[in-house]
Amino acid sequence: MPLIRFDMLEGRSEKELTAILDAAHQAMLDAFGVPPRDRYQIIYEHRKSRVRIEDTGLGIARTDDVMIISVTTRPRTVDEKTAFYRLLTEALTTKCGIAASDVMVNYVENTDADWSFGNGEAQFLTGKLGAPKVS
């Protein structure tokens, strides 16, 4: 946790996809301070005709490298979020050659009760993941 979903145009190589996942994971580690094996990432690839990612009138130029990155997470501070935006785009640019203008990010926040990592348990609530046990 966080769960990171990448929506992008199809056509990247396995090597490119791995580099994208690794860059995003490192940005998350640095911005949120989560444990190294706290890694939940999903890539969805779409045909070009199925995607429209414009710029909300900001004049941001997009290329076929464009992607939307959705981060589902427990609440994060504004500083953590803005650090993630910066670290993510820096890593994707330097390690993957993806321009910052091609990276759109959104957050979906939820609570400890919204996560089960398996075994039919809510591990944040049971205390197995460091959150206080809820009665």
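Let us look at the structure shown here. The numbers attached to residues start from 1 for each chain and follow its sequence in the written order. Where local features are concerned, this predicted model is filtered to residues with pLDDT of at least 70; where side-chain atom pairs are given and counted, the filter is 80 or more; whole-chain, interface and lining totals use all residues. By convention in this description, side-chain values take in all heavy atoms of the structure and omit both hydrogens and water.

### A word on the overall build of the chain
- Think of it this way: any DSSP run of H or I at least four residues long counts as a helix, any run of E at least two long counts as a strand, and we number them from the N terminus. Helix and strand counts for the chain stand at three helices and four strands.
- Mapped from its N terminus to its C terminus, the chain presents α and β elements in the order β-α-β-β-α-β-α.
- If you line up the chain on its principal axes, its C-alpha atoms span 50 × 30 × 25 Å.
- Looking at the chain residue by residue over its 135 residues, the buried ones come to 37%.
- The contact criterion used is simple: two residues touch if any of their non-hydrogen atoms lie within 4.5 Å. Taking all contacts inside the chain whose residues are at least 6 apart in sequence as the whole, residues at least 24 apart take part in 71%.
- Counting 17 positive and 20 negative side-chain charges, the chain places the averaged centre of each group 3 Å from the other. Under the scheme applied here, a residue whose accessible area is under 20% of the maximum for its type counts as buried, over 50% as exposed, and between as partly exposed, the area being computed with a 1.4 Å probe on protein chains only. As used throughout, the charge tally considers Lys and Arg to be positive and Asp and Glu to be negative, leaving His and the chain termini uncounted. Charge positions are represented by NZ for Lys, CZ for Arg, CG for Asp and CD for Glu.

### Observations concerning the pairing of strand β4 (residues 103–109)
- Between any two strands, at least two bridges found by DSSP are needed for them to pair. Sheet topology places strand β3 (residues 67–73) next to β4; seven bridges connect them, and they run parallel. Note on β4: the bridge partner recorded for methionine 67 is valine 103.
- A crossover connection joins β3 to the parallel β4 through helix α2 (residues 78–96); in handedness this β-α-β unit is right-handed. Look down the strands so they point away from you; if going from the first strand over the helix to the second traces a clockwise path, that crossover is right-handed.

### Regarding unusual backbone geometry
- The backbone of threonine 56 shows a phi angle near 55°, a positive value even though the residue is not glycine.
- Considering the arrangement of structural elements, one finds threonine 56 in the loop between β2 (40–46) and β3.
- Since its relative accessible area comes to 78%, threonine 56 is described here as exposed.
- The phi dihedral of asparagine 119 falls on the positive side, at around 65°, and the residue is not glycine.
- As for its position among the elements, asparagine 119 is in the loop between β4 and α3 (123–126).

### Here's the deal with the nonpolar core
- If you look at the biggest cluster of nonpolar residues, it comprises 27 residues, and the most contacted ones within it are Phe6, Ile69, Phe84, Leu88 and Leu92.
- At the level of secondary structure, the elements contributing two or more residues to this core comprise β1 (3–9), α1 (14–32), β3, α2 and β4.
- Broken down by element, this core gets its largest block of residues, 10 residues, from α1.
- Discounting chain neighbours no more than four positions away, the residues touching phenylalanine 6 are Ile20, Leu21, Ala24, Gln41, Ile42, Ile43, Tyr44, Met67, Ile68 and Ile69. We call a set of buried Ala, Val, Leu, Ile, Met, Phe, Trp, Tyr and Cys residues a nonpolar core when their side-chain atoms join them within 4.5 Å.

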